[in-house]
Amino acid sequence: DSMVYKAGFYGHVIFGLIALLSGPLQFLPGFRARRLKLHRNLGKTYVIACLLSGICGLYIAQYASTGTIARLGFSFLALGWLLTTSMAYSSIRRGNVDIHQIWMIRSYALTFAAVTLRLYLGPSAALGIPFESAYPIISWMCWVPNIIIAELIFVRPLLRTHQVART
C-alpha cells in the first residue's frame with residue numbers, strides 16, 4: 001500500500017535526519033564531560049531516532065527500485081544500524097562506557113551512510129553511469145566502507161587503549 005510506504009519513507013527520512021544531527025556532538029570528549037545530562041538526553045534522542053528510522057528503513061528497503069542487490073544492501077544496512085545502536089544502548093545500560101563508545105562509533109558510521117549515499121549519487125550521474133547500474137552498487141558502498149573506516153580509524157585505537165574485548 002502506497003500510504004504505508006510513504007509513512008515508512010518519511011519516518012525513515014525524518015528520524016534519520018534527527019539521528020544524523022544529534023550524533024556529532026556526542027563524540028566530543030569535552031562536551032560529554034561538561035554536559036553529561038545533555039549528552040544523555042541527546043543520546044536517548046539518537047537511539048530512539050535510529051531505531052525508528054532503522055525499522056522504517058528496513059521496510060522501505062524491500063521496495064528498492066533497482067532490484068534484489070539494492071534491497072539486500074539497504075536491508076543489511078538497516079539491520080546493522082538497528083544492531084549497533086541496540087548494542088550501544090545495552091552496553092551503557094550495563095555501565096560499560098568503553099564498549100558503549102565502540103558501538104556508538106559503529107552506529108554513527110552507519111547513520112552517516114545517508115550522507116555517503118548522496119556523495120556517490122552525484123558523481124555516478126555526472127560520469128554517465130545509469131541509475132539502474134549505479135544504485136545497487138551504491139546501496140552497499142554507502143555503508144560498507146563507512147564501517148570499515150570506523151573500525152580502522154576509531155575502533156582499533158580504542159580497543160588498544162582500553163584493552164577491551166570485542167563484543
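The coordinates are above.
Residues numbered from 1 in each chain as written. Predicted model: local features only at pLDDT ≥ 70, side-chain atom pairs only at ≥ 80, totals over all residues. Heavy atoms only, no water.

Engineer: Residue-level account of helix H5 (residues 97-111), with values.
Structural biologist: Note on helix geometry: an α-helix contains 3.6 residues per turn, so any two residues three or four positions apart are oriented the same way. Spanning 15 residues, H5 covers 20 Å between terminal C-alpha atoms, matching the ideal 21 Å at 1.5 Å per step. When H5 is considered as a whole, its buried residues turn out to be Ile 99, His 100, Ile 102, Trp 103, Met 104, Ile 105, Arg 106, Ser 107, Tyr 108, Ala 109, Leu 110 and Thr 111. Those residues of H5 that are buried lie in contact with helix H1 (2-22), helix H3 (36-61), helix H4 (68-93), helix H6 (113-126) and helix H8 (144-162). (Helix = DSSP H or I, 4+ residues; strand = E, 2+ residues; numbered from the N terminus. Expected span 1.5 Å × (residues − 1). Buried < 20%, exposed > 50% of the residue type's maximum accessible area, 1.4 Å probe, protein only. Contact = heavy atoms within 4.5 Å.)

Engineer: Got a sec to walk through the environment of Arg 32? Specific residues and values, please.
Structural biologist: Here Arg 32 is to be found in helix H2 (residues 29-34). Overall, the relative accessible area of 23% leaves Arg 32 in the partly exposed class. Excluding residues within four positions of it along the chain, Arg 32 makes contact with Gln 26, Phe 27, His 39 and Gln 101.

Engineer: Please provide a residue-by-residue account of a nonpolar patch on the surface, values included.
Structural biologist: A cluster of nonpolar side chains, namely Phe 9, Tyr 10, Val 13, Ile 14 and Ile 18, defines an oily patch on the protein surface of about 430 Å² accessible area. Mapped onto the elements, Phe 9 comes out in helix H1. (Patch = residues over 30% accessible without salt bridge, like charges linked within 9 Å, V, L, I, M, F, W, Y side chains within 5 Å. Areas by Shrake-Rupley, 256 points an atom, 1.4 Å probe, with all protein chains shown as cover. Salt bridge = Lys/Arg side-chain N within 4 Å of Asp/Glu carboxyl O.)

Engineer: Could you give an account of the packing of H6 against helix H7 (residues 131-141), naming the residues involved and the relevant values?
Structural biologist: Contact pair H6 / H7: the axes reach a minimum separation of 10 Å and the direction vectors enclose 155°. Here H6 is positioned roughly antiparallel relative to H7, judged by the angle of their axes. Considering how the two elements wind past one another, H6 and H7 form a crossing that is right-handed. Touching Thr 116, Leu 117, Tyr 120, Leu 121 and Ser 124 of H6 are Phe 131, Ala 134, Tyr 135, Ile 138 and Met 141, all from H7. When grouped by side-chain class, the residues that make up the contact of H6 with H7 number eight nonpolar, two polar and no charged. (Axes fitted to C-alpha atoms, helices over the stretch in contact; angles between N-to-C directions. Parallel < 35°, antiparallel > 145°, perpendicular 65-115°, else oblique. Left-handed = near helix turned anticlockwise from the far one by under 90°. Nonpolar A, V, L, I, M, F, W, Y, C, P; charged D, E, K, R; others polar.)

Engineer: Summarise the side chain of Thr 116; cite the residues concerned and give the values.
Structural biologist: Along the chain, Thr 116 turns up in helix H6. Filtering out sequence-adjacent residues up to four positions away, Thr 116 remains in contact with Met 141, Cys 142 and Asn 146.

Engineer: Would you mind going over the pattern of salt bridges in detail, with residue names and values included?
Structural biologist: Summed over the entire model, instances satisfying the criterion amount to one salt bridge. One salt bridge in this structure joins Glu 151 and Arg 106, with 2.4 Å as the shortest N-O distance. Placement of Glu 151 in helix H8 and of Arg 106 in helix H5 is noted, with a sequence separation of 45 residues between them. Neither residue differs from the other here; Glu 151 and Arg 106 are each classed as buried.

Engineer: Quick rundown of the nonpolar core? Include the residues and the values.
Structural biologist: Membership of the largest hydrophobic core comes to 33 residues, with the highest contact counts inside it found for Tyr 46, Phe 74, Leu 77 and Cys 142. Among the elements of the structure, H1, H3, H4, H5, H6, H7 and H8 are those that each provide at least two residues to this core. Element by element, the count of residues in this core is highest for H5, at eight residues. Apart from residues lying up to four places away in sequence, Leu 77 is in contact with Leu 110, Ala 113, Cys 142 and Trp 143. (Core = buried A, V, L, I, M, F, W, Y, C linked by side-chain atoms within 4.5 Å.)

Engineer: So what's going on with a positive patch on the surface? Residues and values would help.
Structural biologist: Residues Lys 37, Arg 40, Lys 44 and Arg 93 make up a contiguous surface patch of positive charge. It is H3 that provides the largest number of residues to the positive patch, a total of three residues. Mapped onto the secondary structure, Arg 93 falls in helix H4. (Lys, Arg positive; Asp, Glu negative; His and termini not counted. Charge placed at Lys NZ, Arg CZ, Asp CG, Glu CD.)

Engineer: Describe in detail the layout of surface pockets, supporting the description with residues and values.
Structural biologist: For the largest pocket, the calculated volume is near 730 Å³. For the largest pocket, the lining is made up of 28 residues, of which His 12, Ile 60, Leu 117, Arg 118 and Tyr 135 are closest to its centre. Every element with two or more residues in the lining of the largest pocket is listed here: H1, H3, H4, H5 and H6. The element best represented in the lining of the largest pocket is H1, accounting for seven residues. For the lining of the largest pocket, the class distribution of residues is 21 nonpolar, six polar and one charged. What lines the second largest pocket is a set of 16 residues, and nearest its centre among them are His 39, Arg 40, Gly 43, Ile 92 and His 100. Looking at the lining of the second largest pocket, the elements with two or more residues in it are H3, H4 and H5. When residues in the lining of the second largest pocket are grouped by element, the largest group, six residues, is from H3. Of the residues that constitute the lining of the second largest pocket, the class distribution is seven nonpolar, five polar and four charged. (1 Å grid on protein atoms, 1.4 Å probe; cavity = no way out; pocket = protein on both sides within 12 Å on 5 of 7 lines; lining within 4 Å. Points joined across faces, edges and corners; volume = space filled by probe spheres on them.)

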